[in-house]
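Single-letter residue listing:
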Amino acid sequence: MNPQAKLVFTLSLLLGTTMTISSNHWVTAWAGLEINTLAILPMISKSHHPRAIEAATKYFLVQAAASALILFSSMTNAWDTGQWDITQLTHPMSCLVLTSAIAMKLGLVPFHFWFPEVLQGSPLITGLLLSTAMKFPPITLLYMTSQSLNPMLLTTMALLSAAIGGWMGLNQTQIRKILAFSSISHLGWMAVIIVYNPKLTLLNFYLYAMMTATVFLILNTIKVLKLSTLMTTWTKTPSLNTMLLLIMLSLAGLPPLTGFLPKWLIIQELTKQNMAPTATIISLLSLLSLFFYLRLAYCATITLPPHTSNHMKQWHITKPTHPMIAILTVMSLLLLPIAPMILTII
């Protein structure tokens, strides 16, 4: 892609995100979401492969429908209350439509079908943006309207997301699809707590974005897209593959790694809200995700399976790893001990 075009699209992404997260008016928030959608489309389809074009088309249709629903819900609310302020969403019908629209934007169950397909058709760096940066504006809108949302609806969607994100990821061999289902199941954890403690949702999102960014950057460095090639990359960069193993365990939420922190706090908060059954169910559903993270970790480092076809061993990478990967890896693994400090900040 032309560097000038890439710069324009990147700046547009920054502009759209900033507009949405800093606005109080529904129309400016909607405009920011539209700018974001239009800026990411060329990045998805830049390879001109039919799968990439298909991914861009699916993404456009879903995001356009979700944006229309957001506009519809805000107009219904303004018609009823005379308020365009995001935090003054009080009309019950508007709350329901907005929850559905943001679930479409994020890829929450039952509006999740587009996300694995779009991620599979995108390059790794665009996939990183779709999994992290593109989810930030809708999460912010959920955060700002959290006091008006229906807790029962969100809890149901959250449990379904954790279940389907875990189950559908079990049988995948494409790493981008596995990461898409991982994202859906993490969104379930964020949605379940948004009504009760919105700050925990944001903390969970920040930590999830950091760990996912590390995984995508490592995969981009070792140039791996599916499990069969991941099995032969241990000769390429043994140290990066070892880090990938640990980050997968962190994403799964195993102590004493960073990923355990948001799960621990969410379970604690749900128990305080007398929702111990919900906490138990979502914890058990996270075991499904743990299985495919362990599968990825196993393929990355622990085994070189027998192959009937000859696989050429990869050459060792001699160029140094990007410092950003090193910083993100340390943060993705070692933030649990400073949990009290993080809690005082949020």
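The shown structure was predicted, so the numbers you read here are calculated from the model rather than taken from an experiment. (Residues numbered from 1 in each chain as written. Predicted model: local features only at pLDDT ≥ 70, side-chain atom pairs only at ≥ 80, totals over all residues. Heavy atoms only, no water.)

## Some details on the overall build of the chain
Right, on to step 1. Scanning the chain from terminus to terminus reveals 16 helices and zero strands.
Right, on to step 2. Radius of gyration (C-alpha) of the chain: 20 Å, near the 20 Å computed for a compact globule of 346 residues.
Right, on to step 3. Dimensions along the principal axes, computed over C-alpha positions, put the chain at roughly 65 × 50 × 35 Å.
Right, on to step 4. Per-residue burial over the chain gives 53% buried out of 346 residues.
Right, on to step 5. The contacts of the chain with a sequence gap of at least 6 include a subset with a gap of at least 24, amounting to 77%.
Right, on to step 6. When the accessible area of the chain is evaluated, it comes to approximately 15200 Å², of which 71% is carbon and sulfur surface. (Helix = DSSP H or I, 4+ residues; strand = E, 2+ residues; numbered from the N terminus. Rg over C-alpha atoms; globule rule 2.2 N^0.38 Å. Buried < 20%, exposed > 50% of the residue type's maximum accessible area, 1.4 Å probe, protein only. Contact = heavy atoms within 4.5 Å. Areas by Shrake-Rupley, 256 points an atom, 1.4 Å probe, with all protein chains shown as cover.)

## Some points on the pattern of salt bridges
Right, on to step 1. Within this structure, the stated rule accounts for three salt bridges.
Right, on to step 2. For Lys58, the salt bridge identified is with Glu117, shortest N-O distance 3.9 Å. Of this pair, Lys58 sits in helix α3 (residues 50-81) while Glu117 sits in helix α5 (residues 114-121); the two residues are 59 residues apart in sequence, bridging distant segments of the chain.
Right, on to step 3. You can call Glu117 partly exposed: its relative accessible area is 28%.
Right, on to step 4. The network of salt bridges with common partners includes Glu54, Lys58, Glu117 and Lys177. (Salt bridge = Lys/Arg side-chain N within 4 Å of Asp/Glu carboxyl O.)

## Topic: the domain arrangement of the chain
Right, on to step 1. Its domain assignment divides the chain into domain 1 (1-146) and domain 2 (150-345).
Right, on to step 2. Summarising the inter-unit geometry, the C-alpha centres of domain 1 and domain 2 are found 23 Å apart.
Right, on to step 3. Opposite the 29 residues of domain 1 that make contact, domain 2 presents 36 residues.
Right, on to step 4. Regarding the contact of domain 1 and domain 2, the summed buried area is about 2900 Å², with carbon and sulfur atoms giving 80% of it. (Domains from an automatic or database assignment. Buried area = accessible area lost by both parts, 1.4 Å probe.)

## Section: the UniProt feature "domain: NADH:quinone oxidoreductase/Mrp antiporter transmembrane" (unreviewed entry) in the chain
Right, on to step 1. The UniProt record marks residues 23-288 with the feature "domain: NADH:quinone oxidoreductase/Mrp antiporter transmembrane" (unreviewed entry), using the residue numbering of this structure.
Right, on to step 2. In residues 23-288, the share of helix is 75% and the share of strand is 0%. The end C-alpha atoms are 38 Å apart. (UniProt positions renumbered as here; feature names shortened; annotations may be inferred.)

## A look at the packing of aromatic side chains
Right, on to step 1. The tally for this structure, following the rule as stated, stands at seven aromatic pairs.
Right, on to step 2. Arranged with centres 6.0 Å apart and planes meeting at 5°, the rings of Phe260 and Trp264 form a pair that is stacked. Pair noted here: Phe260 and Trp264 are both in helix α13 (residues 260-272), with a separation of four residues, about one helical turn.
Right, on to step 3. Here Phe260 falls in the partly exposed class, since its relative accessible area comes to 25%.
Right, on to step 4. Aromatic side chains Phe292 and Tyr293 sit 5.1 Å apart centroid to centroid with 55° between the ring planes, which places their arrangement in the tilted category.
Right, on to step 5. Grouped by ring-pair contacts, the aromatic residues Tyr59, Trp114 and Phe115 constitute a single cluster.
Right, on to step 6. Cation over ring: Lys263 sits above Trp189, and NZ or CZ is 5.1 Å from the ring centre. (Phe/Tyr/Trp six-rings, centres within 6.5 Å; stacked < 30°, edge-to-face > 60°. Lys NZ or Arg CZ within 6 Å of the ring centre and 35° of its normal.)

## Focus on the layout of surface pockets
Right, on to step 1. One number sums up the size of the largest pocket: a volume of about 340 Å³.
Right, on to step 2. What lines the largest pocket is a set of 16 residues, and nearest its centre among them are Thr10, Leu13, Met43, Leu129 and Ala133.
Right, on to step 3. Every element with two or more residues in the lining of the largest pocket is listed here: α1 (3-22), α6 (124-131) and α10 (198-222).
Right, on to step 4. Top element by residues in the lining of the largest pocket is α1. It accounts for five residues.
Right, on to step 5. Of the residues in the lining of the largest pocket, the class split is ten nonpolar, four polar and two charged. (1 Å grid on protein atoms, 1.4 Å probe; cavity = no way out; pocket = protein on both sides within 12 Å on 5 of 7 lines; lining within 4 Å. Points joined across faces, edges and corners; volume = space filled by probe spheres on them. Nonpolar A, V, L, I, M, F, W, Y, C, P; charged D, E, K, R; others polar.)

## Concerning the nonpolar core
Right, on to step 1. Ranked by internal contacts, the top residues of the largest apolar core, which has 108 residues, are Tyr59, Leu130, Leu141 and Leu230.
Right, on to step 2. For this core, the leading source of residues is α10, giving 14 residues.
Right, on to step 3. Setting aside residues no more than four positions away along its own chain, Leu130 makes contact with Ile40, Ile44, Tyr59, Phe115, Val118, Leu119, Ser122 and Lys135. (Core = buried A, V, L, I, M, F, W, Y, C linked by side-chain atoms within 4.5 Å.)

## Comments concerning unusual backbone geometry
Right, on to step 1. A cis geometry characterises the amide bond from Val109 onward to Pro110, with omega recorded as 5°.
Right, on to step 2. When you line up the elements, Pro110 lands in the loop between α4 (92-106) and α5.
Right, on to step 3. Look at the link from Pro255 to Pro256: it is a cis peptide, with omega at 5°.
Right, on to step 4. Along the chain, the position of Pro256 falls in the loop between α12 (238-252) and α13.
Right, on to step 5. One non-glycine residue with positive phi stands out, namely Asn274, at about 60°.
Right, on to step 6. Relative to the elements of secondary structure, Asn274 occurs in the loop between α13 and α14 (276-302).

## Observations regarding α4
Right, on to step 1. Taking 1.5 Å per residue as the helical rise, α4 with its 15 residues ought to reach 21 Å, and the 21 Å between its terminal C-alpha atoms agrees with that figure.
Right, on to step 2. Counting buried residues along α4, eleven of its 15 residues qualify, which places the element largely inside the surrounding structure.
Right, on to step 3. Looking at α4, one finds that the buried residues are Ser94, Cys95, Val97, Leu98, Thr99, Ala101, Ile102, Ala103, Met104, Lys105 and Leu106.
Right, on to step 4. Against α2 (26-44), α3, α5, α7 (136-144), α8 (151-169) and α9 (175-193) lie the buried residues of α4. (Expected span 1.5 Å × (residues − 1).)

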